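Working through the structure, step by step
Below are the chains, spelled out letter by letter.
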Amino acid sequence: DVKVTQSSRYLVKRTGEKVFLECVQDMDHENMFWYRQDPGLGLRLIYFSYDVKMKEKGDIPEGYSVSREKKERFSLILESASTNQTSMYLCASSLGGPQETQYFGPGTRLLVL
Amino acid sequence: AQTVTQSQPEMSVQEAETVTLSCTYDTSESDYYLFWYKQPPSRQMILVIRQEAYKQQNATENRFSVNFQKAAKSFSLKISDSQLGDAAMYFCAWSSGNTPLVFGKGTRLSVIA
């Protein structure tokens, strides 16, 4: 079975802090994705990566950056956390191609005070 | 831009009954894929069912089936013999070769015993 893990289930940070959210997948998937999920808004794509060292902006990249130094790991960075970044963050991975299933991690619920 | 619309924020169904969740989408592409994902409370998002746009036959997975109407750009999910474990958020999603997954805002399904 594909396993996607995220470094924290719950995280509380202060405004202005730099925040790192880590995601690791164990199935040698080429593609990895970061979403945020907010009530009534569904899932919105922040960044994605189709290969190591490669990244593409999604629909809401402002205030975020990413890093993919190794194929299995995709990190989301909040350079200076703000209260409007309080949300659930979901990581996903998939094989190449739009027809492929995305496998999701359990999510990180981030609260920025 | 591609959009996916789920017009029912919440639905409920009696155990053992059938329920249909609606989804419409907007695209000018002819080759694409449609998905339904399920997110149970406090659990990871998983794929329920997938449909290739070039296939006329509706996809079926056990108690889950879709009604795919390409001309109408409609992709509804039917759950037969509903079970308590079907209670979840359901997300409709669309993708193509040029675009990563676009999600709808979700439908929360409650199952009444």
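The preceding data block contains the structure.
Residues numbered from 1 in each chain as written. Chains lettered and ligands numbered in written order. Predicted model: local features only at pLDDT ≥ 70, side-chain atom pairs only at ≥ 80, totals over all residues. Heavy atoms only, no water.

**Some words on the overall build of chain A**
Definition in use: Runs of H or I in DSSP of at least four residues are treated as helices and runs of E of at least two as strands, each being numbered from the N terminus. It is over C-alpha atoms that the radius of gyration is taken, and the globule rule equals 2.2 Å times the number of residues to the power 0.38. Residue exposure (1.4 Å probe, protein chains only): buried if accessible area is under 20% of the type maximum, exposed if over 50%, otherwise partly exposed. Note on contacts: a residue pair is in contact if any heavy atoms of the two residues lie within 4.5 Å. Computed with the Shrake-Rupley method and a 1.4 Å probe, the accessible areas treat only the protein chains shown as cover for residues. Here Asp and Glu are counted as negative and Lys and Arg as positive; His is not counted, and neither are the chain ends. Throughout, a charge is located at the NZ atom of Lys, the CZ atom of Arg, the CG atom of Asp or the CD atom of Glu.
For chain A, the count of helices and strands is zero helices and 11 strands. Scaling as 2.2 N^0.38, a compact globule of 113 residues should have a C-alpha radius of gyration of about 13 Å, and chain A matches this with 13 Å. Overall size of chain A, expressed as C-alpha extent along the three principal axes, is 35 × 30 × 25 Å. Among the 113 residues that make up chain A, the fraction classed as buried is 48%. For chain A, contacts bridging at least 24 residues in sequence account for 56% of all contacts bridging at least 6. Accessible surface computed for chain A: about 5500 Å², of which carbon and sulfur atoms make up 50%. One way to put it: in chain A the 15 positive side-chain charges average out to a point 7 Å from where the 15 negative ones average out.

**Section: the interface of chain B and chain A**
To keep it simple, the criterion reads: Reported buried area values correspond to the accessible surface (1.4 Å probe) lost by two parts on association, with both partners' losses combined. Within this document, salt bridges are pairs made up of a side-chain nitrogen of Lys or Arg and a carboxyl oxygen of Asp or Glu, the two lying within 4 Å of each other.
Listed per partner, the contact involves 18 residues of chain B and 21 residues of chain A. Regarding the contact of chain B and chain A, the summed buried area is about 1500 Å², with carbon and sulfur atoms giving 58% of it. When residues of chain B are sorted by the area they lose upon contact with chain A, Gln44(B), Met45(B) and Pro100(B) head the list and together hold 31% of the total. Taken together, chain B and chain A are joined by zero salt bridges.

**Here's the deal with the pattern of salt bridges**
Residue and element names in this part refer to chain A. Under the counting rule described, the total for this entry stands at 10 salt bridges over all chains. Between Glu-69 and Lys-53 there is a salt bridge, and its shortest N-O distance comes to 2.7 Å. With Glu-69 in strand β7 (residues 64-70) and Lys-53 in the loop between β5 (42-49) and β6 (56-57), the pair connects residues that are 16 residues apart, well separated along the chain. Residue Glu-69 shares its accessibility class with Lys-53, and that shared class is exposed. Salt bridges linked by common partners bring Asp-28, Glu-30 and Lys-71 together as one network.

**Digging into a nonpolar patch on the surface**
This is how it is decided: Here the term patch refers to residues with relative accessible area over 30% and no salt bridge, with like charges joined within 9 Å and nonpolar side chains (Val, Leu, Ile, Met, Phe, Trp, Tyr) within 5 Å.
Taken together, Val12(A), Leu111(A) and Leu113(A) make up a surface patch of nonpolar side chains, about 260 Å² in accessible area. Locating Leu113(A) in the fold gives a position in the segment after β11 (108-112).

**Details of the packing of aromatic side chains**
Residues and elements named next belong to chain B. Rules: Between 30 and 60 degrees the pair is tilted, below 30 it is stacked and above 60 it is edge-to-face, where a pair is any two Phe, Tyr or Trp rings, Trp via its six-membered ring, whose centres lie within 6.5 Å.
As enumerated under the stated definition, the model contains 15 aromatic pairs over all chains in all. Judged by centre distance (6.3 Å) and plane angle (25°), the rings of Trp-36 and Phe-75 are stacked. With Trp-36 in strand β5 (residues 33-39) and Phe-75 in strand β9 (residues 74-79), this pair connects stretches of sequence that are 39 residues apart. Each member of the pair, Trp-36 together with Phe-75, is buried.

**Details of the layout of surface pockets**
Empty pockets left among the atoms are what a rolling probe the size of a water molecule brings to light. Let me state the cut-off plainly: The definitions used throughout rest on a 1 Å grid laid over the protein atoms alone, on which a cavity is an enclosed set of points accommodating a 1.4 Å probe that cannot get out and a pocket is an open set flanked by protein within 12 Å on both sides along at least five of seven lines; lining residues are those having an atom within 4 Å of a point. Grid points are joined across faces, edges and corners, and a volume is the space filled by probe spheres set on the points. Note that Gly is not counted as nonpolar here; it falls among the polar residues with everything else outside the nonpolar set of Ala, Val, Leu, Ile, Met, Phe, Trp, Tyr, Cys and Pro and the charged set of Asp, Glu, Lys and Arg.
In this structure, the largest pocket spans a volume of roughly 610 Å³. Lining of the largest pocket is provided by 29 residues; of these, Gln37(A), Arg109(A), Gln39(B), Met89(B) and Arg108(B) occupy positions nearest its centre. Where the lining of the largest pocket is concerned, the elements lending two or more residues are β4 (31-38) and β9 (87-94) of chain A together with β10 (88-96) of chain B. Of the residues that constitute the lining of the largest pocket, the class distribution is 12 nonpolar, 10 polar and seven charged.

**Some details on the pairing of β10(B)**
Residues and elements named next belong to chain B. Using the following cut-off: One requirement defines pairing of two strands: DSSP has to find at least two bridges between them.
For β10, a buried count of nine out of nine residues is recorded, marking the element as mostly surrounded by other parts of the structure. Of the two faces of β10, the one lined by Ala-88, Tyr-90, Cys-92, Trp-94 and Ser-96 and the one lined by Met-89, Phe-91, Ala-93 and Ser-95 are each fully buried. The sheet contact formed by β10 and strand β12 (residues 107-112) spans three bridges and is antiparallel. Paired with Tyr-90 across the strands is Thr-107, a residue of β12. Across three bridges, the pairing between β10 and strand β11 (residues 99-103) is antiparallel. When the bridges of β11 are listed, Trp-94 appears paired with Val-102.

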